[in-house]
Amino acid sequence: MRRNTRLPAALLAVLLTAALSTACGSDDDKGKAGSSGGSAPDKVTYITGFGTFGREAYAYVAQDKGYFSDAGVSVTIQPGQGSAISLAALAGGRAQFAPVDLSSTIMQVGSGKVSGVTAVAAVHQTTDAAVMALADSGISKPSDLEGKKIADPAGSVIGALFPAYAKLAGFDADKVDFVNLEPQQLGVNLAAGKVDAVGQYRVGRPNIENAVKGKDVVVLPFGKFLTESYGSAVTTTTKIAEEDPDLVRRFTSALLKGMRYAIDHPEEAASVLAKKHPTVNEKAAAAEIELLGEAVQPKKDGAPIGTMDRERVAGAIKALVDAGAVKSGVKPEQLVSFDLVPKS
């Protein structure tokens, strides 16, 4: 897999610092205290998965509805720049919580690039990574991507997962040209024919359809081949998980409460997001939130939103090992704090 545009490590560090230096939303400190009673609320920084798309609205809903303050947590929300950068922010203490694609965590931890992070709840019950193209592009199956140009944001898990996806789908990733573009530029460049396809979460399809102005879009989901993989998971540091599990439970519970409300009220959730970020297209955001409702539903009947299964995590690791994306030896307990995961 070739990338003809690379961001040096120094530039990534500058981008991360800039992104985290400006708060894009925070609870005031007048909310109720947590389980400790009358003490001041715990202050944390939460990074969204990627930008301020509709699929990120649930965090802003939890903030707007007072779920965080009711749980004794004051939350500053920062727009994220992808799993790799979020993991670095968590490991470096610049944030306390973020939804991070579990496959990215497996690869980063397995390669030794990141340590000291742990997932505490699933966001997407299957990997939501996908490649999207226009229906008239001639791309209808994975092998059609050979010889094509795909746009994907720097640091995105889609690019990181692509070689494993290609191997499992039976085509040569080295025959695909990747270019780095900002998330907001993906649909525009696809519509203009400057790229043949874009990396995008499956729930982001409405945003791409809005950008290409009604043209039919083909979606090639990675989950068809990476069947055991989870998508994004609420991730924190092992230090926080071990030393303050009560904070983790309170924060996660409030965040998932916001998710449930957003799914049940997609238009209202999109409006909440747009009030924080006026450039958001409310119609596309609401459509994304509706798709999010499908993505977060556990496969097991009766299981709560956010649940994670050790055997499935082990299966996700094995799939990446078999695809050559990570070395063997990574254990599920290195990735997930199962005692903090929501249970029935």
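The structure under discussion appears in the preceding block.
Only a predicted model underlies this, so the values are computations on that prediction, with no experimental measurement involved. (Residues numbered from 1 in each chain as written. Predicted model: local features only at pLDDT ≥ 70, side-chain atom pairs only at ≥ 80, totals over all residues. Heavy atoms only, no water.)

Peer 1: In this structure, what is going on with the packing of helix 4 (residues 83-91) against helix 5 (residues 102-110)? I would like to understand it.
Peer 2: A packed helix pair is summarised by two numbers, namely the angle formed by the two axes and the spacing between the axes. Running from N to C, helix 4 and helix 5 cross one another at 60°; their axes reach a closest spacing of 10 Å. By the angle class used here, helix 4 and helix 5 are oblique. The crossing of helix 4 and helix 5 is right-handed. Where helix 4 abuts helix 5, its residues S83, A84 and L87 lie against S104, T105 and Q108. Looking at the contact of helix 4 with helix 5 residue by residue, the class counts come to two nonpolar, four polar and no charged. (Axes fitted to C-alpha atoms, helices over the stretch in contact; angles between N-to-C directions. Helix = DSSP H or I, 4+ residues; strand = E, 2+ residues; numbered from the N terminus. Parallel < 35°, antiparallel > 145°, perpendicular 65-115°, else oblique. Left-handed = near helix turned anticlockwise from the far one by under 90°. Contact = heavy atoms within 4.5 Å. Nonpolar A, V, L, I, M, F, W, Y, C, P; charged D, E, K, R; others polar.)

Peer 1: I'm lost on the sheet that holds strand 6 (residues 98-101) in this one. Help?
Peer 2: Strands in a sheet are paired, the pairing made by backbone hydrogen bonds, and the direction either parallel or antiparallel. Ordered in space as 6-13-7, the three strands form an open sheet in which the pairing is antiparallel. Strands with a single pairing partner mark the edges of an open sheet, and in this sheet they are strand 6 and strand 7 (117-122). Ignoring which end each strand starts from, the neighbouring axes of this sheet average 50° apart. Examined bridge by bridge, strand 7 and strand 13 (residues 232-237) share five bridges and lie antiparallel to one another. Opposite A119, over in strand 13, you have T235 as the bridge partner. (Pairing = 2+ DSSP bridges.)

Peer 1: Can you walk me through the environment of L90 in this structure?
Peer 2: One can find L90 in helix 4. If near-sequence neighbours (up to four positions away) are discounted, L90 is found in contact with A95, Q96, F97, A98, V100, V117, T235, T236 and T237.

Peer 1: How should I be thinking about the pattern of salt bridges in this particular structure?
Peer 2: Between side chains of opposite charge, a pair can form as their charged atoms come close. One pass over the structure, following the stated rule, counts eleven salt bridges. Among the charged side chains, a salt-bridge network with shared partners connects D42, D246 and R250. (Salt bridge = Lys/Arg side-chain N within 4 Å of Asp/Glu carboxyl O.)

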